[in-house]
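The chain contents come next:
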Amino acid sequence: MEKAKKRLTNFDLLKVVCSVMVVCLQYLDAGGLLAKTELTDYNYYIVWFVHFLCLAGVNCLVLCTGYFLNENLFKPARLIYFWIQIFVTNAIFAVLMGALGFYEFTPEQALAVLFPVTSNLYWYMTAYFILCIISPFLLWVVDKLGAKQLKSVCYTLVLLFAVIPWDWAKLNSARHFMWFVVLFFVSAYIKKADLFKKRVRVYIGRYLFLTLIALVIKLMFASMFNNSFITKAVDFSSLNFVFVFFASLMLFAAFKNIRIKNKKLGGAATFLSSLILGVYLFSYNVYFSGWFWGKGVAPLDYLNSPLLVLHMIGCVFAVFFISAFLEYFRMLVFKLLNVPSACDKLAHKAHEIGQKINKSNFIEKL
């Protein structure tokens, strides 16, 4: 039990680190640095190196989800709670920014707020939600496959979605739920085969090396073959770019082998890991983040300044902890309003309806 608990705190710490990375990606992207920075800018290489370092964080969050979904099926009540959480967060920011005159609210956007997952307001949340819905089937497949068979499945999926630069129906896009399915099977194989047993520093070194390779390839092709068929066919800064994918595996492997002996650190990691979904929703909010990162934080003001790194670190951690506080406050309000209990009742009612439909043989009667 003690060993399992330590391993869990390791992954909690990984989730927190990855959440900080995700906020940093928003600093670089929504802040305008990725779009505006040029080769002649003072901090050009720093901006892109940090970008590639943080890309692994998104993949690792999905790997963690798949790693633990292999033990615990995703409960319908949690899906309902998840939907309500996104809806409430969106509604608050949409109304607030509309009232302040920073956003023009339309009926179409009101529908998007009501259905945040199906409207794809947040590609990550949409892909994550679909992954959770189909997870029972995926778990069944994993359970039926042996370690060697699962290995073959992973190799095939990685070849199709990370190595071959095909753009067939956008299915190979890192922003499609199929990429999350690929990561799910990879994490399942890591667990079933009990992979990655080397020292932490070995995997950290590999993570940094693979990140550097991905960066060099990106910059080389951007400068030598800009707007060519190669750069149009392959997104070298995508989450499913092969070197980014393997860098993500190495970061995941490093934290898999970390042992946290400090109970306070482990407790803090576990507590903060429960707030990371809210951190994403606050920092990436579609109604708020554009104005906040572009004009409020304004990273572009430090593009050619030696203070950029300090500004980045300060802003990213400030946003992370403020967002975590807001998420904790939201959780307390939901608890006072008995939202978790209401979700359980809704899930139970939906289950009863589903059972009645199943017993009615509706499809057969058609």
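It should be emphasised that the depicted structure is a prediction, and the values quoted were computed from it without experimental measurement. (Residues numbered from 1 in each chain as written. Predicted model: local features only at pLDDT ≥ 70, side-chain atom pairs only at ≥ 80, totals over all residues. Heavy atoms only, no water.)

Draft legend 1. Up close: the nonpolar core. Ranked by size, the top nonpolar core spans 107 residues in total, and within it Tyr-27 and Tyr-124 carry the most contacts. Here Tyr-124 is in contact with Val-58, Leu-61, Val-62, Phe-180 and Tyr-280, once residues within four sequence places are set aside. (Core = buried A, V, L, I, M, F, W, Y, C linked by side-chain atoms within 4.5 Å. Buried < 20%, exposed > 50% of the residue type's maximum accessible area, 1.4 Å probe, protein only. Contact = heavy atoms within 4.5 Å.)

Draft legend 2. Structural detail: the pattern of salt bridges. Scanning the entire structure with this criterion turns up three salt bridges. Here Lys-256 makes a salt bridge to Asp-194, at a shortest N to O gap of 3.4 Å. Taken as a pair, Lys-256 in helix α11 (residues 242-256) and Asp-194 in the loop between α8 (177-193) and α9 (200-224) lie far apart in primary sequence, 62 residues in all. Using a relative accessible area of 2% as the deciding quantity, one classes Lys-256 as buried. Taking relative accessible area as the criterion, Asp-194 reaches 36% and is therefore assigned partly exposed. Salt bridges sharing common partners tie together Asp-194, Lys-197 and Lys-256. (Salt bridge = Lys/Arg side-chain N within 4 Å of Asp/Glu carboxyl O. Helix = DSSP H or I, 4+ residues; strand = E, 2+ residues; numbered from the N terminus.)

Draft legend 3. Structural view of unusual backbone geometry. Positive phi is not limited to glycine here, since Phe-196 has a value of about 65°. Position of Phe-196 relative to the elements: it lies in the loop between α8 and α9. For Asn-338, which is not glycine, the phi dihedral falls at a positive 60°. As for its placement among the helices and strands, Asn-338 is situated in the loop between α15 (308-336) and α16 (339-359).

Read these as layout, nothing more, since geometry by itself doesn't imply function.
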